[in-house]
Amino acid sequence: DDDGTFRVSFRGAKTAQLHVTDTVDELKAALNALTTVEQVNVEYSDPSIYIGATGLDADALQLCRASGQSVDIEFLSPTGDVPLVKADSSDMAGISGDIT
């Protein structure tokens with residue numbers, strides 16, 4: 001279902017609603033907009049998936065896809081031992097399964 005939405009949180013601050021069809025760029029912008037984050041970089045875990053790549057499945061750039069999707073979040077500032085970014089299950093809508 002391409003209508004699902006969710007939020008992620010870091011140190012108690014929640015992002016704006018994210019859509020399952022959003023890309024890493026939208027997640028990066030949402031995280032960088034939090035007052036608890038100074039700067040993060042977000043990339044797909046699979047190095048062959050990136051914005052501008054050719055020959056990808058239609059849903060390859062979606063944060064959530066039927067075949068699974070992993071993204072890496074790197075804290076550029078603050079650095080060190082930072083808490084986990086968490087999917088906020090109370091704000092999920094139209095999603096079956098888990099976001100971890």
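Residues numbered from 1 in each chain as written. Predicted model: local features only at pLDDT ≥ 70, side-chain atom pairs only at ≥ 80, totals over all residues. Heavy atoms only, no water.

**Quick notes on the overall build of the protein chain**
(1) Moving on: Of regular secondary structure, the protein chain possesses 1 helix and 6 strands.
(2) Moving on: When the helices and strands of the protein chain are read in sequence order from the N terminus, they spell out β-β-β-α-β-β-β.
(3) Moving on: Each of the 100 residues in the protein chain was classed as buried or not, and the buried ones make up 34%.
(4) Moving on: Across the protein chain, every contact between residues at least 6 apart in sequence was considered, and the portion connecting residues at least 24 apart equals 55%.
(5) Moving on: As displayed, the protein chain has an accessible area near 6,000 Å², and 46% of this comes from carbon and sulfur atoms. (Helix = DSSP H or I, 4+ residues; strand = E, 2+ residues; numbered from the N terminus. Buried < 20%, exposed > 50% of the residue type's maximum accessible area, 1.4 Å probe, protein only. Contact = heavy atoms within 4.5 Å. Areas by Shrake-Rupley, 256 points an atom, 1.4 Å probe, with all protein chains shown as cover.)

**Looking at the nonpolar core**
(1) Moving on: In terms of nonpolar packing, the biggest core is built from 19 residues, with L27 and L31 touching the most fellow members.
(2) Moving on: If you list the elements that add at least two residues to this core, you get β1 (5–10), α1 (24–32) and β4 (39–44).
(3) Moving on: The greatest single-element share of this core, amounting to 4 residues, is contributed by α1.
(4) Moving on: If near-sequence neighbours (up to four positions away) are discounted, L27 is found in contact with V8, L18, V42, L63, V71 and I73. (Core = buried A, V, L, I, M, F, W, Y, C linked by side-chain atoms within 4.5 Å.)

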